[in-house]
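# Breakdown of the fold
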Amino acid sequence: MRRELCAALVARAARPDLVFLTGDLGFGALEPLRDALGERFLNAGIAEQNMIGVAAALASEGLEPWTYTIAPFCYARAFEQIRNDVCFHRLPVRMLANGGGYAYGVMGPTHHALEDYGVLSTLPGLHIFVPAFDADVAAVVDAAGTQAGPAYIRLGRGEVPEGCVAPAYAPWRRLREGTGPVVVAVGPMAGVVWSAVGSREDLDGPELWAVSELPLCASPPPQAFVAALTARRRLCVVEEHVAQGGLGQSLAAWCLEGGLAVAEFRHLAAAGYPSGTYGSQAFHRRESGLDPAAIRATLAA
């Protein structure tokens, strides 16, 4: 999604208050943005904690700072600065986190982001965006840019199934209708599930929803989703994030608190590293049961 991100920010670069800070990343991808911004494009170096603190200071002076690094170097390394400098003051810092989930593959757990939005959703006023498809990025940049407070944008790789066209961006989108279980997928996992269940709608197939904004208090389920779940009472949540703190737990609590009776609940989430070895994103998804074959098998059981 980096190419789409660069194009969206270049389109926004005419705003004189926009400042972009990178943690020494973006070579071969962000040069058009660097050229458009000139001295407002800052390389903060391998100093992510300082980068977030500087961005908070810029926001406090009325500027529009965007920060960019890979996901774990943002939420994990700079958590204290996000918490204390940004969120406690409700400052409009937009944090771009590249490579959510297992995206950095063989680089191993230090470069994976498996608990990011769960951790960050505990902070006050932080709006989280997880675009599902490449075409979502421009709309997400616009939406994050209008937030009065901070935003975290988890970028991955869009995976629209061949022959399918993703609907226009929305925090919650129905990708496939059906009378089977209601399946909710977070961000790019929506494309993986879409491939698993097929694009052709049928009476016995699942109904698939993509979620791209969190937490639920900021982006509650729409009435169409509530009506479908009320009728089916079967729910499956799929996310490339650990179960603890993920959307699955949040949505289960939301159902209980709202008195929405669910007869069957399944949660497919990142399992960490069951074999103790590291490989591609596809390898880790298979180990976690997040590949199309495993998803089909779970929904058929």
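Just so you know, the residues in each chain are numbered from 1, in the order the chain's sequence is written. The model is predicted, so local features are restricted to residues of pLDDT at least 70 and side-chain atom pairs to those at 80 or more, both for listing and for counting; the totals for chains, interfaces and linings are taken over all residues. Only hydrogens and water are removed before side-chain values are computed, so all heavy atoms of the structure are retained for them.

### A word on the sheet that holds strand β7 (residues 172-176)
As summarised here, the arrangement of the five strands in space is β7-β9-β8-β11-β12, forming an open sheet in which the pairing is mixed. Edge positions in the sheet fall to β7 and β12 (264-270), since each has one partner strand and no second. Across the sheet, the mean angle separating the axes of adjacent strands is 20 degrees when strand polarity is ignored. Two strands qualify as a pair provided DSSP detects at least 2 bridges between them. By definition, any uninterrupted DSSP run of H or I lasting at least four residues is a helix, any uninterrupted run of E lasting at least two residues is a strand, and each is numbered from the N terminus. Summarising the sheet, strand β8 (residues 182-186) and strand β11 (residues 234-242) pair through four bridges and their orientation is parallel. Note that in β11 the partner of A185 across the bridge is V238. By definition, residues are in contact when any of their heavy atoms lie within 4.5 Å. The axes used here are C-alpha line fits, helices contributing only the stretch in contact, and every angle between their N-to-C directions lies in the interval 0 to 180 degrees. Where helix α10 (residues 247-258) meets the sheet, its contacts fall on β7, β8, β9 (207-211), β11 and β12, and the angle it forms with β11 comes to roughly 145 degrees. Running at roughly 165 degrees to β12, helix α12 (residues 292-300) makes contact with β8, β11 and β12 of the sheet.

### Quick look at the nonpolar core
We define the nonpolar core as a collection of buried residues of types Ala, Val, Leu, Ile, Met, Phe, Trp, Tyr and Cys that are connected through side-chain atoms lying within 4.5 Å of one another. Accessible area is worked out with a 1.4 Å probe on protein chains only. A residue is then buried under 20% of its type maximum, exposed over 50%, and partly exposed in between. Grouped together as the largest cluster of nonpolar side chains are 45 residues, with contacts concentrated most on Y152, V184 and F225. Among the elements that line this core, the one with the most residues is helix α3 (residues 48-60), at six residues. When near neighbours in sequence (up to four residues on either side) are disregarded, V184 contacts W172, W209, V211, F225, L235, C236, V237, V238, L247 and L251. The next biggest cluster of nonpolar side chains, apart from the first, holds 25 residues, and it includes M1, A29, L37 and Y68.

### Points about unusual backbone geometry
Cis rather than trans, the peptide bond between L214 and P215 has omega equal to -5 degrees. Inspection of the secondary structure puts P215 in the loop between β10 (213-214) and α9 (223-232). Even without being glycine, D24 reaches a positive phi, approximately 65 degrees. Tracing the sequence through the fold places D24 in the loop between β1 (18-22) and α2 (31-37).

### Focus on the packing of α3 against helix α5 (residues 79-87)
Across the interface, α3 lies against α5 with an axial gap of 9 Å and an inter-helix angle of 5 degrees. Between α3 and α5, the angle is such that the two are roughly parallel. Residue-level contacts link Q49, I52, G53 and A56 of α3 to Q81, I82, D85 and V86 of α5. Three categories are distinguished: nonpolar for Ala, Val, Leu, Ile, Met, Phe, Trp, Tyr, Cys and Pro, charged for Asp, Glu, Lys and Arg, and polar for the others, with Gly belonging to the last. Residue classes in the contact of α3 with α5 are distributed as four nonpolar, three polar and one charged. Just so you know how the angles are binned, under 35 degrees is roughly parallel, over 145 roughly antiparallel, 65 to 115 roughly perpendicular, and the rest oblique.

### Comments concerning the packing of aromatic side chains
For Phe, Tyr and Trp, where Trp contributes only its six-membered ring, two rings pair if their centres lie within 6.5 Å, and the inter-plane angle classes them as stacked under 30 degrees, edge-to-face over 60, or tilted in between. Applying the stated rule across the entire model yields seven aromatic pairs. On the basis of an interplanar angle of 20 degrees and a centroid distance of 5.3 Å, the ring pair of F20 and F41 is categorised as stacked. Placement of the pair is F20 in strand β1 and F41 in strand β2 (residues 41-43), with a sequence separation of 21 residues. The buried category is assigned to F20, whose relative accessible area is 0%. By relative accessible area, F41 is classed as buried at 17%. Measuring from ring centre to ring centre gives 6.1 Å for Y102 and Y273, while their planes differ by 80 degrees; the resulting arrangement is edge-to-face. With Y102 in the loop between β4 (94-98) and α6 (116-120) and Y273 in the loop between β12 and α11 (281-287), the pair connects residues that are 171 residues apart, well separated along the chain. Look at Y102 and you get buried, because its relative accessible area is 0%. Put simply, the rings of F20, F41 and Y68 touch in pairs and so form one group of aromatic residues. One Lys or Arg, R77, reaches over the ring of F73 and ends 4.2 Å from the middle of that ring. A ring has a charge above it when a Lys NZ or an Arg CZ is no more than 6 Å from the ring centre and no more than 35 degrees off the ring normal.

### Some thoughts on the side chain of H112
The residue H112 is located in the loop between β4 and α6 in this model. Exposure remark for H112: the relative accessible area of 2% places this residue in the buried category. Polar contacts, as used here, are pairs of N or O atoms within 3.5 Å; protein pairs need one atom able to donate a hydrogen and one able to accept it. Residues neighboring in sequence count only if both atoms are side-chain atoms. Within polar-contact distance, the side chain of H112 engages the side chain of Y273 at 2.7 Å. Those residues in contact with H112 that lie beyond four places of it in its chain are P72, Y75, G101, Y102, Y104, G105, Y273 and H284.

### Thoughts on the pairing of β4
By the criterion of burial, β4 is predominantly enclosed, with five of the five residues buried. Side chains of β4 alternate between two faces, with R94, L96 and N98 and M95 and A97 buried alike. Sheet topology note: the strand β3 (residues 64-70)/β4 ladder contains five bridges and is parallel. Across the sheet, T69 pairs through a bridge with A97, a residue of β4. With five bridges connecting them, β4 and strand β6 (residues 151-155) associate as parallel partners. Within β6, the residue paired with L96 across the bridge is I153.

### As for α9
Those residues of α9 that sit buried are F225, V226, A228 and L229. Buried residues of α9 fall within an arc of 165 degrees about the axis and therefore sit on the same side. Exposed residues lying more than 90 degrees from the buried face of α9 are Q223 and A231. In this structure, the buried side of α9 is in contact with β7, β8, β9, β11 and α10. The arc in question is the one traced by the directions running from the helix axis out to the C-beta atoms.

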